[in-house]
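Chains, contacts and geometry: an overview
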Amino acid sequence: MSIEISDVNKRFGDFVALEDVNVSLPTGQLTALLGPSGGGKSTLLRIIAGLEKADTGTVSIEGVDATRMSPQKRNVGFVFQHYAVFKHMSVAKNVAFGLEIRKRPKDEVRARVDELLRLVHLSQFADRLPSQLSGGQRQRMALARALAVQPKVLLLDEPFGALDAKVRKELREWLRRLHDEVPVTTVFVTHDQEEAMEVADEIVVINDGRIEQVGTPDSLYDRPANDFVMGFLGEVTRLGDVRLRPHDIEISRSPDLAGSSPADVLRLTRVGFEVRLVAGTEDGREVSVVTTRAHARSLGLAEGERVWLTPSSGAATVPAMTPLVRAELAG
């Protein structure tokens, strides 16, 4: 493994930022630290980088105990959400900075900068100042600067969080392609579920300072470890004694399937090719269901109609918690 986190704890006063964190981040993979704001993901990233010190526990990078190493000696590249660029330097000078302070030969620096600017598609902007670039271009420049010193590990703290949705989507697709070309071990923090699912090889879900689950995007979505993971990775509804995703509910106009629950269509909304409906069950609950427009038409669905709902075969489910159990877990 490239990064081993063992028994890490971190407090800020009375606030528990990380509690008994143990996780292995594989060499050469792109790993996402995913969770809600304040969950501990950025704190963990900064501890890996050496920008924060854990109260207890160890950090190993490429088999070397880095727990007490300075950030400079860990050989990690770090990219912040807000670029942290040198405003008075050109794009090329920003990328070259890490190499120049290491007193690398000028020819080597020039060649490395040219290579990286080509890689991030900024060669034509080499002589511009950062203020003359778009937000997406500045973030690509920051990535090139982090890669210039050939780090063992690349750490990204919500790298696209300051950008608008369209640019963010373009950049995460670009990051995935870049990682495939330059397979440096990469760890990035995000609270965007879609971003993590689209880009990462592996996801570490963190909540309230604890690791909830680690796995591939597919395994987390299809086999969530608990109610929190399931709810954080997508929309969830309740049918009977289980929580499941709205698109994993079969709809029929008659009780043909075993275990089906009768319900009445309360609301029905078409959103593009989808039809989203809310159905009221006999126990007074409202169930969200998503189906295709074609299927809804074939069933003749309309508000006020009686339908029967059944979990799809193979649907990801977790037991529905009672309010008392939920309160005990929260406490």
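Criteria and cut-off values
- Residues numbered from 1 in each chain as written.
- Predicted model: local features only at pLDDT ≥ 70, side-chain atom pairs only at ≥ 80, totals over all residues.
- Heavy atoms only, no water.
- Helix = DSSP H or I, 4+ residues; strand = E, 2+ residues; numbered from the N terminus.
- Contact = heavy atoms within 4.5 Å.
- Lys, Arg positive; Asp, Glu negative; His and termini not counted.
- Charge placed at Lys NZ, Arg CZ, Asp CG, Glu CD.
- Pairing = 2+ DSSP bridges.
- Axes fitted to C-alpha atoms, helices over the stretch in contact; angles between N-to-C directions.
- Phe/Tyr/Trp six-rings, centres within 6.5 Å; stacked < 30°, edge-to-face > 60°.
- Lys NZ or Arg CZ within 6 Å of the ring centre and 35° of its normal.
- Buried < 20%, exposed > 50% of the residue type's maximum accessible area, 1.4 Å probe, protein only.
- Polar contact = N/O pair within 3.5 Å; in protein donor to acceptor, adjacent residues only side chain to side chain.
- Parallel < 35°, antiparallel > 145°, perpendicular 65-115°, else oblique.
- Left-handed = near helix turned anticlockwise from the far one by under 90°.
- Nonpolar A, V, L, I, M, F, W, Y, C, P; charged D, E, K, R; others polar.

Another aspect to go through is the overall build of the protein chain. The helix and strand inventory of the protein chain stands at 10 helices and 18 strands. The principal-axis extents of the C-alpha atoms in the protein chain amount to approximately 75 × 45 × 30 Å. Taking contacts inside the protein chain between residues at least 6 apart in sequence as the whole, the part at least 24 apart equals 64%. Here the protein chain carries 42 positive and 46 negative side-chain charges, and the mean point of each set is 8 Å from the other.

Attention now goes to the sheet that holds strand β11 (residues 237-239). Taken together, three strands build an open sheet; the order of strands is β11-β12-β18 and the sheet is antiparallel. Edge positions in the open sheet fall to β11 and β18 (317-319), since each of these has one partner strand only. The average undirected angle you get between the axes of adjacent strands in this sheet is 35°. Strand direction decides the pairing type here: strand β12 (residues 242-244) and β18, joined by three bridges, are antiparallel.

Before going further, it helps to examine the packing of aromatic side chains. Tallied over the full model, the rule gives two aromatic pairs. Directly above the aromatic system of Y221 lies the positively charged group of R245, at a separation of 4.0 Å from the ring centroid.

So, on to helix α1 (residues 41-49). Where burial is concerned, most of α1 is hidden: seven out of the nine residues are buried. Of all the positions in α1, only K41, T43, L44, L45, I47, I48 and A49 are classed as buried. Taken from the residues just after α1, G50 is the one with a positive phi, measuring 90°.

Right, let's get into the environment of E100. As for its placement among the helices and strands, E100 is situated in helix α2 (residues 91-101). Taking the C-alpha atoms as reference points, E100 and V149, 49 residues apart in sequence, are found 9.8 Å from one another. When residues no more than four places from it in sequence are discounted, the contact partners of E100 are K93 and V109. A polar atom in the side chain of E100 sits 3.4 Å from the side chain of K93.

Look at helix α4 (residues 135-148) against helix α5 (residues 165-181): their axes get within 10 Å of each other, and the N-to-C directions meet at 25°. Between α4 and α5, the crossing angle belongs to the class labelled roughly parallel. As for the relative orientation of α4 and α5, their crossing is right-handed in sense. Contact residues: G136, Q139, R140, L143 and L147 in α4; V167, L171, W174 and L178 in α5. The residue makeup of the contact of α4 with α5, split by class, is six nonpolar, two polar and one charged.

Of note in the backbone geometry, D7 takes a positive phi value of approximately 50° without being a glycine. You can call D7 partly exposed: its relative accessible area is 46%. Despite not being glycine, K103 has its phi angle at roughly 55°, a positive value.

Within the open sheet, the five strands sit side by side as β13-β17-β14-β15-β16. Their pairing is antiparallel. Where the open sheet ends on each side, the last strands, each with one partner, are β13 (249-252) and β16 (286-292). Across this sheet, the average inter-strand angle for adjacent strands is 45°, counted without regard to direction.

Taken residue by residue, α2 has V91, A92, N94, V95, A96, G98 and L99 as its buried positions. Those residues of α2 hidden inside the fold are in contact with α3 (106-119) and α4. Directly after α2, the chain includes K103, whose backbone phi takes a positive value near 55°.

Locating H179 in the fold gives a position in helix α5. A relative accessible area of 5% places H179 in the buried class. Of note is the side chain of H179, whose polar atom sits 3.3 Å from the side chain of R176. If near-sequence neighbours (up to four positions away) are discounted, H179 is found in contact with G28, Q29, L30, V184, T186 and D201.

Here we come to the pairing of strand β7 (residues 153-157). Counting buried residues in β7 gives five out of five residues, a clear majority hidden from the surface. Side chains of β7 alternate between two faces, with V153, L155 and D157 and L154 and L156 buried alike. Direction of pairing for strand β6 (residues 76-79) relative to β7: parallel, over a ladder of four bridges. Note that in β7 the partner of G77 across the bridge is L154. Pairing geometry for β7 and strand β8 (residues 185-190), over five bridges, is parallel. Counted as the bridge partner of L154 is T186 from β8.

Without other data, these values stay purely geometric and don't point to any function.
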